[in-house]
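# A look at the structure
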Amino acid sequence: MRDDTRRWIEADQAHCWHPFTRQGDWCAADHEPLVITHGQGSWLWDSEGRRYLDGNSSIWTNIHGHAHPVIAAAIRNQLEKSSHVSFLGLTHPGAVELAQQLCAFFPPHTLERVFFSDDGSTAVECALKMAAQYRQQSGAAQRHHFIAFSNGYHGDTLGAASLGGVARFFERSNGHGYPVIRVGSMNELRALPAETVEKSAAVVIEPLIQGVNEMRPWPPGMLADLRAWCDATGTHLILDEVMTGFGRTGKMFACQHENVVPDFLCLAKGLTGGTLPLAATLTTGTIYAAFLGAPERAFYYGHSYTANPLGCAAALASLEVFQQEQTLELLQAKIDHLRAGLAALKAAHPMVHDVRQCGFIAGIELRHPDGRKFPSAWRTGEAICLAARTHGLLTRPILDTLVLMPPLSTTHAELDHTLAALDAALTEIPDVISGH
Ligand SMILES: *Cc1c(COP(=O)(O)O)cnc(C)c1O
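Residues numbered from 1 in each chain as written. Predicted model: local features only at pLDDT ≥ 70, side-chain atom pairs only at ≥ 80, totals over all residues. Heavy atoms only, no water.

Here strand 1 (residues 36-40) pairs with strand 2 (residues 43-46) via four bridges, running antiparallel. Within strand 2, the residue paired with Gln40 across the bridge is Trp43. Between strand 1 and strand 2, which pair antiparallel in sequence order, lie two residues; one of them, Gly41, sits at a positive phi of approximately 55 degrees. Note: strand 2 against strand 3 (residues 51-54), three bridges, orientation antiparallel. Note on strand 3: the bridge partner recorded for Trp45 is Arg51. Remark: four residues form the turn of the hairpin made by strand 2 and strand 3, two consecutive strands paired antiparallel; Gly49 in that turn has positive phi of roughly 85 degrees. (Pairing = 2+ DSSP bridges. Helix = DSSP H or I, 4+ residues; strand = E, 2+ residues; numbered from the N terminus.)

Structure representation (structure tokens):
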């Protein structure tokens, strides 16, 4: 191990605290954390000079590859003008242009207002606060509950976390946030008593596919049905497209697959192409109008770095790259290529129990060949991902579901590399498992 690597690891283990991490394992003597020093395209390099394909787009954020020259130049250019402008009482060209371009993805007079914040959690947090305050200011203060889906994930700040349905993450904060009514399906939603619906401000959902819930797609048509139910009951629809936004599902936004326009749209992760933290909550003119008039009707919410100009420059550059590189046009063939590769992987490995794909997002669930789940203490998903690392692929599992979500710029040859690394890892792993 190089001296630098050793020094970084020791200092990290002495002073850093990582998200969603069992720090005891992280700091264990036999654990060698990877120190990532740079990236290029779909690849990341560690401090030992080894390269890996970025199989989960650096936690679902990267869109056009790392160190993209157009995005890097836009950030550099903006840095020389200003790295921050307060959006409280001032504005700046990047935010204005970005807001305009985001609204232009939707039909006129639908989503036409953009509220900027910093990350996926705050994008959701904003939508919840707006939806609740809207009811207070439109004579329906009793509608202050939210309807959320079982096993959903909407971020980690308190309000967003209260909607989350993944018990192992959220049971500790349950009871601290918004009052939530949880349903598992459209049928359960339709079966809610009228008095429950009448106290609900909005329904929140990850459209098309739940991410943290081991990559579980919704049945086709469900989103359009949900929109119709919301219209019929006067409930707002909040779409959390923090993961699915910016091409991940094959269209720019997941809601476009079912011609649905929500009342609130939450965007973050891929907004800047995966370069800087920036988020946006889009909403309609009708909702916005309820915040006009008396001073106390204003939306008193914001963060210091709201609409940060570097982030806005990166986001505008990312949208430009979508055009220049025909990202979505070229993606369709990659989605098909991925589907064929995953089918071959499933056919070759009895451990592959299920493959769930939505556009360029895939979850590969591992189980015993007879269909039983592996004991969670075996951490089979983690073991496979560690094995895949030695074959040049970085990704993280969710329990025993391997996540594959490379940058949209990943080439067919790089997809082949990705699948070959998984194939090799799955071929080796039975030894690890038989060690139990
Ligand atoms: C990642 C994610 C969030 C939270 O975003 P952060 O930027 O991590 O705060 C919210 N919703 C969904 C669907 C996500 O995938």
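Moving on, there is more to tell.
To continue, consider the packing of helix 4 (residues 69-81) against helix 13 (residues 309-324). Remark: helix 4 packs on helix 13, axes separated minimally by 8 Å, with the N-to-C direction vectors making an angle of 150 degrees. Taken together, the axes of helix 4 and helix 13 are roughly antiparallel relative to one another. Here helix 4 and helix 13 pass one another in a crossing that is right-handed. Residues Val70, Ile71, Ala74, Ile75, Gln78 and Leu79 of helix 4 pack against Pro309, Leu310, Ala313, Ala314, Ala317, Ser318, Glu320, Val321 and Gln324 of helix 13. (Axes fitted to C-alpha atoms, helices over the stretch in contact; angles between N-to-C directions. Parallel < 35°, antiparallel > 145°, perpendicular 65-115°, else oblique. Left-handed = near helix turned anticlockwise from the far one by under 90°. Contact = heavy atoms within 4.5 Å.)

The next point concerns the site of the ligand. Taken together, the residues surrounding the ligand are Trp60, Asp119, Gly120, Ser121, Tyr153, His154, Gly155, Glu206, Asp240, Val242, Met243 and Lys269. Between Gly120 and the ligand, the recorded distance is 2.8 Å, taken from a backbone N or O atom to an oxygen atom. Here a nitrogen atom of the ligand and a side-chain polar atom of Asp240 are 2.6 Å apart. Calculation on the ligand without its partners gives an accessible area of 380 Å², and the protein chains cover 84% of this total. Partitioning the shell around the ligand into residue classes produces four nonpolar, four polar and four charged. (Near = heavy atom within 4 Å. Polar contact = N/O pair within 3.5 Å; in protein donor to acceptor, adjacent residues only side chain to side chain. Areas by Shrake-Rupley, 256 points an atom, 1.4 Å probe, with all protein chains shown as cover. Nonpolar A, V, L, I, M, F, W, Y, C, P; charged D, E, K, R; others polar.)

On to the sheet that holds strand 16 (residues 397-398), then. Taken in spatial order, the four strands of this open sheet run 13-14-17-16, and their pairing is antiparallel. The open sheet terminates on both sides in strands that have one partner only, identified here as strand 13 (352-358) and strand 16. Both strand 13 and strand 14 (residues 361-366) contribute to a ladder of six bridges, which runs antiparallel. For Asp354, the partnering residue across the bridge sits in strand 14 and is Glu365. Relative to strand 13, helix 14 (residues 327-348) is tilted by about 175 degrees, and along the sheet it contacts strand 13, strand 14 and strand 17 (401-404).

A few words on the pattern of salt bridges. Any two side chains of opposite charge can pair, so long as their charged atoms come close to each other. Under the definition given, this model contains 14 salt bridges. Asp370 is the salt-bridge partner of Arg372, the closest N and O atoms lying 3.0 Å from each other. (Salt bridge = Lys/Arg side-chain N within 4 Å of Asp/Glu carboxyl O.)

Before going further, it helps to examine helix 1 (residues 3-15). A rise of 1.5 Å per residue sets the reference length of helix 1, with its 13 residues, at 18 Å; its end C-alpha atoms lie 18 Å apart and thus fit the reference within 8%. Of the residues making up helix 1, those classed as buried are Thr5, Ile9 and Asp12. The arc enclosing the buried residues of helix 1, seen along the axis, measures out at 65 degrees, which places them on a common side. Facing away from the buried side of helix 1 by over 90 degrees, the exposed positions are Asp3, Glu10, Ala14 and His15. (Expected span 1.5 Å × (residues − 1). Buried < 20%, exposed > 50% of the residue type's maximum accessible area, 1.4 Å probe, protein only. Arc of directions from axis to C-beta.)

As a further point, take the environment of Glu320. Residue position: Glu320 is located in helix 13. Distance from Glu320 to Gly49, taken between C-alpha atoms, is 32 Å for residues 271 residues apart in sequence.

On to the domain arrangement of the chain. When its domains are assigned, the chain resolves into domain 1 (34-64 + 326-434) and domain 2 (69-324). Taken residue by residue, the interface counts 30 residues in domain 1 and 27 residues in domain 2. Our enumeration of links across domain 1 and domain 2 arrives at zero salt bridges. Remark: the boundary between domain 1 and domain 2 carries 14 residue pairs in polar contact (both at pLDDT 80 or more). Broken down by element, the side of domain 1 that touches domain 2 gets its largest block of residues, five residues, from helix 14. Grouping the constituent residues of the side of domain 1 that touches domain 2 by class yields 17 nonpolar, 11 polar and two charged. (Domains from an automatic or database assignment.)

Take the packing of aromatic side chains next. Counted under the stated rule, the structure contains 11 aromatic pairs. Ring geometry for Phe291 versus Phe299: centroids 5.8 Å apart, planes at 85 degrees, classification edge-to-face. Take Phe291: its relative accessible area is 12%, and that puts it in the buried class. The buried category is assigned to Phe299, whose relative accessible area is 17%. Taken together, the ring pairs connect Phe105, Phe106, Phe246 and Phe253 into an aromatic cluster. The ring of Trp43 has Arg51 lying over it, and the distance from NZ or CZ to the ring centre is 3.5 Å. Seen from the ring of Tyr288, Arg113 lies directly overhead, with NZ or CZ sitting 3.7 Å from the centre. (Phe/Tyr/Trp six-rings, centres within 6.5 Å; stacked < 30°, edge-to-face > 60°. Lys NZ or Arg CZ within 6 Å of the ring centre and 35° of its normal.)

Here Thr395 lies in the loop between strand 15 (393-394) and strand 16. Separated by 2.6 Å, the side chain of Thr395 and the backbone oxygen of Val403 make a polar contact.

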